[in-house]
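The chain contents come next:
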Amino acid sequence: HPLTRLSTPYHCNIALRINRILLEYSENPRDLYNTSRSLLTLTSSELVNELFAQLTKQTHRQTTGDLAYWHVIAVVLPFIPPTGRVLSYLTSHLERYSELRTPAGRYAGYCHKVLKRALVGGRRQHHPCRLEVEATCGKPYVHSKAMSIPIHLPGGDYHVTGFDTVSSVAEVIMDLESQVGSSFMQMERIYTLYGRPSKPICKGSH
């Protein structure tokens, strides 16, 4: 049964589908990229809240297998954060678990940081690439930034800059400016690579 109050039988059916997606990933956590992209097609706040209610319930246990659910939270949270009571519930859950000195606790601390930045800066619009998802499956809490890439500069030099799931282009450029002292805000072109469109969980916007 759904964990939250849903307004239509259609939403109840989608809640069961969400549960199956999460269960399949937890049993075989090898394809977080497609799992997360399917979940990111959710457009209803009701269903987003149901998703995080399920994820919070599953991460209350402290077993190694639960890291699969933490992976999902870390990837989808910057894009579709919950609202209302579920947001408050998730925030308390992350704060409580971040005090644990375990892999789950470290993931909780990372997710809490991601949530705070997403609420302040706004949710992201474009789905994550495979590089970002793979970095989140690693140990994003080990470094101050989950990912790093080399930025090649005029003259053949390059600078390695870090970013995470809620970093904006402006923040990356500011980091470059502070490190190399050049005005990267004058760059005329910034390219972004996207994967193939994901298959939606539900039809249309409900």
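For the structure itself, look to the data block above.
Because the structure is a prediction, the values reported are computed rather than measured.

**Student:** What am I meant to see in the overall build of the protein here?
**Tutor:** Of regular secondary structure, the protein possesses 8 helices and 2 strands. Seen in sequence order, the protein has helices and strands lined up from the N terminus as α-α-α-α-α-α-α-β-β-α. Nonlocal contacts in the protein, meaning residues at least 24 apart in sequence, comprise 67% of its contacts between residues at least 6 apart. Carbon and sulfur atoms provide 52% of the accessible area of the protein, an area that totals close to 12,100 Å².

**Student:** What exactly am I supposed to notice about the nonpolar core here?
**Tutor:** Generally speaking, soluble globular proteins have nonpolar side chains that are buried together. Leu 51, Phe 52, Trp 70 and Leu 77 are the most contacted members of the largest nonpolar core, which has 40 residues in total. If you list the elements that add at least two residues to this core, you get α1 (9-27), α2 (32-39), α3 (45-58), α4 (67-76), α5 (84-97) and α6 (103-121). Per-element tally for this core: the top contributor is α4, with 9 residues. Sequence-distant contacts of Trp 70, defined by excluding residues within four places in its chain, comprise Thr 59, His 93, Leu 94, Tyr 97, Ala 104, Tyr 107, Ala 108 and Cys 111.

**Student:** Even after reading the chapter, I still don't get the packing of α5 against α6, so can you show me in this structure?
**Tutor:** Packed helix pairs are characterised by how far apart their axes lie and by the angle those axes make with each other. In contact at an axis separation of 7 Å, α5 and α6 are set at 140° when each is read in the N-to-C sense. Between α5 and α6, the crossing angle belongs to the class labelled oblique. The crossing of α5 and α6 is left-handed. Contacts from Leu 87, Leu 90, Thr 91, Leu 94, Glu 95 and Tyr 97 of α5 reach α6 at Gly 105, Ala 108, Cys 111, His 112, Leu 115 and Leu 119. Here the contact of α5 with α6 is built from residues that sort into 8 nonpolar, 3 polar and 1 charged.

**Student:** Please explain the side chain of His 71 as it appears in this structure.
**Tutor:** Assignment of secondary structure puts His 71 in helix α4. Ignoring any residue separated from it by four or fewer positions in sequence, one finds His 71 in contact with Tyr 25, Leu 32, Tyr 107, Thr 136 and Cys 137.

**Student:** I keep staring at α2 and nothing clicks. Help me out?
**Tutor:** Owing to its 3.6 residues per turn, the α-helix aligns residues three or four sequence positions apart on the same side. Along α2, 7 of the 8 residues are buried, which leaves the element largely enclosed by surrounding structure. Burial in α2 covers these residues: Leu 32, Tyr 33, Thr 35, Ser 36, Arg 37, Ser 38 and Leu 39.

**Student:** Looking at this structure, how should I read the layout of surface pockets?
**Tutor:** Remark: the empty space left among the atoms is shown by a probe the size of a water molecule rolled over them. There is about 200 Å³ of room inside the second largest pocket. What lines the second largest pocket is a set of 13 residues, and nearest its centre among them are His 1, Leu 3, Asn 19, Gln 54 and Gln 58. Secondary-structure elements contributing two or more residues to the lining of the second largest pocket are α1 and α3. A total of 5 residues in the lining of the second largest pocket trace back to one element, the largest contributor, which is α1. Among the residues forming the lining of the second largest pocket, the class breakdown is 7 nonpolar, 4 polar and 2 charged.

**Student:** Looking at this structure, how should I read the environment of Thr 59?
**Tutor:** Along the chain, Thr 59 turns up in the loop between α3 and α4. Between the C-alpha atom of Thr 59 and that of Tyr 97, which follows or precedes it by 38 residues, the distance is 9.3 Å. A distance of 2.8 Å separates the side chain of Thr 59 from the backbone oxygen of Leu 55, its partner in a polar contact. Looking at Thr 59, its side chain comes within polar contact range of the side chain of His 93, at 2.8 Å.

Parameters at a glance
Here the residue index of a chain counts from 1 through its sequence in written order. For a predicted model such as this one, the threshold for reporting local features is a pLDDT of at least 70, and the threshold for listing and counting side-chain atom pairs is 80 or more; totals across whole chains, interfaces and linings nevertheless cover every residue. Side-chain measures were taken over the full set of non-hydrogen atoms in the model, leaving aside hydrogen atoms and water. Numbering goes from the N terminus for both helices and strands, where a helix is a DSSP run of H or I of at least four residues and a strand is a run of E of at least two. Whether two residues are in contact is decided by their heavy atoms, any of which lying within 4.5 Å being enough. For accessible areas, the Shrake-Rupley method is used with a probe of radius 1.4 Å. Any residue's cover is judged against the shown protein chains and nothing else. Among buried residues, those of type Ala, Val, Leu, Ile, Met, Phe, Trp, Tyr and Cys that are joined through side-chain atoms within 4.5 Å constitute a nonpolar core. In this scheme, a residue with accessible area under 20% of its type's maximum is buried, one over 50% is exposed, and one in between is partly exposed, where area comes from a 1.4 Å probe on protein chains only. Orientation is described by axes fitted as lines to C-alpha atoms, over the contacting stretch for helices, and by angles from 0 to 180 degrees between their N-to-C directions. Oblique is the label for every angle not falling under 35 degrees (roughly parallel), over 145 degrees (roughly antiparallel), or within 65 to 115 degrees (roughly perpendicular). Should the near helix be turned counterclockwise from the far one by less than a right angle, the crossing is left-handed, whereas a clockwise turn marks it as right-handed. Residues are sorted three ways: Asp, Glu, Lys and Arg are charged, Ala, Val, Leu, Ile, Met, Phe, Trp, Tyr, Cys and Pro are nonpolar, and all the rest, Gly among them, are polar. The distinction between a cavity and a pocket rests on a 1 Å grid over the protein atoms alone: a 1.4 Å probe fits inside a cavity but cannot get out, while a pocket stays open yet meets protein on both sides within 12 Å along at least five of seven lines, and a residue with an atom within 4 Å of a point counts as lining. Grid points are joined across faces, edges and corners, and a volume is the space filled by probe spheres set on the points. Here a polar contact is recorded for every N or O atom pair within 3.5 Å, except that within protein the pair must consist of a potential hydrogen donor and a potential acceptor, and residues adjacent in sequence are included only if both atoms are side-chain atoms.

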